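Per-entry structural report
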Amino acid sequence: MNPMSSAILLVRFRDDAGPETCSALAGRLGVDRCRWHGSRLLCVQIEESSREGMLAELRGTAGVRDVLTAPDFPGPSAVRLPNGAVIGDGSLSVIAGPCSVESAAQLCEIAASVREAGAAALRGGAFKARTSPYSFGGLGEKGLECLALAREKTGLPVVTEVLDAQDLDLVARFADVLQIGSRNMQNTPLLFQAGSHASGKPVILKRGFAATIEEFLQAAQYVLLGRLSAGRREPGLILCERGIRTPCDATRFTLDVGAIAVLQTRTDLPVIADPSHAAGDRRYVAPLARAAAAAGADGLLVEVHPDPAQAWSDGPQCLDLRAFAQLMKGLRIERSEQPCL
Ligand code: PEP
Ligand code: MN
């Protein structure tokens, strides 16, 4: 089927619809244009011209709860955090914190400081995706407990990575936003299950460092389908450009500033940028942060540590508390100086 003339319909089955009902419908429509996501959501590719007829037919089929078109979220795409901060409302929201959670004291010190500087949320890895199996892999559940304590003390919502679908229940119990890292951008079961998780927690999806924009957007669709399958009305998804691998090796990765602008035209989802992992060197974090903001990012993810030389991971790219406060001041000045954008 020519994709230009095709449309996708999402058929959600009722919980009491048996497997025979579901597979009978897929069989009738043609298995080659159907794709299951979980046992309750069927994506069907149809000719655009037959959309209305097919919608009516599917809506009248026994066992079908509803039929949606993709993407079809009636609710807003901006993500509201529990402290009232909104990512994607036209402001610049900064999420800051250490690469890894190291201790409750470390995290609470950072949280208080970044909050004072104007951060909207606290980041910190408890489950770390490290390239080397000999690098620090995170404190796990203890790290999540530290995040919860820092939230209690500062009121900052917490963003933390979920590495594996089997940890979703645990991480979602503590996190306000689930981060899916660059190395997991194509872990499709994790994408779908994070989207459909009963907690409804929003997701930050980081671009794979070798992924095209198209692949990134397709990965995003897995999360969105998960959300739809769980009956969510809002997409609850934030895209994060964090640098890609190119021949330019003077920085750790190359922040694809153009991708920020492109993603803003290709989707309604909030788009943030991570200048820290792109730079790999704290000297370049502020310039890349400003470049991302100028390109239209809705937010930034910045690594901060009180003593970067002693950080358990990614020390070279961490800003210290003062440098972060300075960065925040600079960003505020630039935004208020923008005349009538
Ligand atoms: C992180 O943000 O902690 C991280 C590991 O980043 P990435 O997945 O982009 O490498
Ligand atoms: Mn890091």
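Here we summarise the structure given alongside this text. The structure displayed is predicted, hence computed values, not measured ones.

1. Focus: the nonpolar core
- In this structure, V114, L122, L205, L237, L300, V302 and F324 are the most contacted members of the largest nonpolar core, which totals 79 residues.
- Ranked by residues supplied to this core, first place goes to helix 7 (residues 213-229) with ten residues.

2. Looking at the site of ligand 1
- Close to ligand 1 lie R123, K128, E161, Q179, G181, S182, R183, K206, R242 and H277.
- One of the side-chain nitrogen or oxygen atoms of R242 is found 2.6 Å away from an oxygen atom of ligand 1.
- Calculation on ligand 1 without its partners gives an accessible area of 300 Å², and the protein chains cover 96% of this total.
- Its residues assigned to classes, the shell around ligand 1 comprises no nonpolar, four polar and six charged.

3. As for unusual backbone geometry
- Despite not being glycine, D314 has its phi angle at roughly 55 degrees, a positive value.
- Secondary-structure assignment places D314 in the loop between strand 14 (299-303) and helix 11 (321-337).
- Since its relative accessible area comes to 15%, D314 is described here as buried.

4. Points about the sheet that holds strand 4 (residues 64-69)
- Reading across from one edge, 2-3-1-4 is the order of the four strands in this open sheet, with antiparallel pairing throughout. Of all strands in the sheet, those bounded by a partner on one side alone are strand 2 (34-37) and strand 4. Between one strand and the next, the sheet's axes are offset by a mean angle of 25 degrees, whatever the strand orientation.
- Note that strand 1 (residues 6-13) and strand 3 (residues 41-47) share seven bridges and pair antiparallel. Bridge pairing in strand 3 places S6 opposite E47.
- Each of strand 1, strand 2, strand 3 and strand 4 touches helix 7; the most contacted strand, strand 1, lies at about 40 degrees to it.

Cut-offs and rules
Residues numbered from 1 in each chain as written. Chains lettered and ligands numbered in written order. Predicted model: local features only at pLDDT ≥ 70, side-chain atom pairs only at ≥ 80, totals over all residues. Heavy atoms only, no water. Core = buried A, V, L, I, M, F, W, Y, C linked by side-chain atoms within 4.5 Å. Buried < 20%, exposed > 50% of the residue type's maximum accessible area, 1.4 Å probe, protein only. Helix = DSSP H or I, 4+ residues; strand = E, 2+ residues; numbered from the N terminus. Near = heavy atom within 4 Å. Polar contact = N/O pair within 3.5 Å; in protein donor to acceptor, adjacent residues only side chain to side chain. Areas by Shrake-Rupley, 256 points an atom, 1.4 Å probe, with all protein chains shown as cover. Nonpolar A, V, L, I, M, F, W, Y, C, P; charged D, E, K, R; others polar. Pairing = 2+ DSSP bridges. Axes fitted to C-alpha atoms, helices over the stretch in contact; angles between N-to-C directions. Contact = heavy atoms within 4.5 Å.

In short, geometric facts, not functional conclusions.
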